[in-house]
Amino acid sequence: LLLTYLWTKKLFNQRVAEIAAVLLTLNSYFLWSARVGYLEIGVTFFTLLTLFLLQKFLKQPHKFYVYFGLALGATLLTKYTAILIIPAILTYLLIHKRKIFIHKYIYTSLLVAFLVFSPIIIYNAMMYKTAGHFDIQISGLLKQSTPWTLDRSIDHNYLISTKVISSIMGKAISWPYF
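Structure report, in brief. (Residues numbered from 1 in each chain as written. Predicted model: local features only at pLDDT ≥ 70, side-chain atom pairs only at ≥ 80, totals over all residues. Heavy atoms only, no water.)

One finds Leu54, Phe57, Phe68, Leu72, Ile89 and Leu93 to be the most contacted residues of the largest nonpolar core, which totals 20 residues. At the level of elements, helix H4 (40-59), helix H5 (61-78), helix H6 (85-96) and helix H7 (104-131) are the ones that each hand at least two residues to this core. Among the elements that take part in this core, H4 stands out by supplying six residues, more than any other. Contacts of phenylalanine 68, omitting those with residues within four sequence positions, involve Thr50, Leu53, Leu54, Phe57, Ile89, Ile106 and Ser109. (Core = buried A, V, L, I, M, F, W, Y, C linked by side-chain atoms within 4.5 Å. Buried < 20%, exposed > 50% of the residue type's maximum accessible area, 1.4 Å probe, protein only. Helix = DSSP H or I, 4+ residues; strand = E, 2+ residues; numbered from the N terminus. Contact = heavy atoms within 4.5 Å.)

Right, let's talk about the side chain of threonine 78 for a bit. Structurally, the position occupied by threonine 78 is in helix H5. In this structure the side chain of threonine 78 is engaged in a polar contact, spanning 2.6 Å, whose partner is the backbone oxygen of alanine 74. In contact with threonine 78, not counting residues within four places along its chain, are Leu39, Gly42, Val43 and Phe46. (Polar contact = N/O pair within 3.5 Å; in protein donor to acceptor, adjacent residues only side chain to side chain.)

What follows covers the packing of aromatic side chains. Applying the stated criterion across every chain yields a total of six aromatic pairs. With 5.1 Å between their ring centres and 75° between their planes, tryptophan 32 and tyrosine 38 make a pair best called edge-to-face. A relative accessible area of 42% places tyrosine 38 in the partly exposed class. Taking 5.0 Å as the distance between ring centres and 45° as the angle between the ring planes, the aromatic pair formed by tyrosine 65 and tyrosine 105 counts as tilted. Of the two residues, tyrosine 65 is situated in helix H5 and tyrosine 105 in helix H7; the sequence distance between them amounts to 40 residues. Note on tyrosine 65: relative accessible area 21%, which makes it partly exposed. (Phe/Tyr/Trp six-rings, centres within 6.5 Å; stacked < 30°, edge-to-face > 60°.)

What follows is the structure, encoded as structure tokens:
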């Protein structure tokens, strides 16, 4: 909530930040995922922290490059699906802040993020070396057979999955809020 408030205030103004924070407190999925301990709340926190620090990094690269890299690495470390933040950030930078790529700070930030995320890479390399497959999330994505996925059906039709998720969200959250 605090990060949402601070980031929205920085982007817009205090009134918009207050509304954003109140709306987030009314979001049943946000509260539920925080209470039951799903990883999504960690991804949400670190994603917001990464975007908040990206904004600071773009204004003062020499001061915030390490913090931005740490936050990005922590986001990726929290859950694999957070990797989608990388193309989103790179696309934004290529379109709006292309000059950042001439500075060493962006590359140092990405190196810091990589170092924070590296335990996952090492873990998966060792899993593949010893067991012949990656961990459950990556092996499911790559359709590898593992002892854990024998009875687990993973739907690789992402268009249908998106439709189902949208339907569930639409039923759980009012359409104006959604």
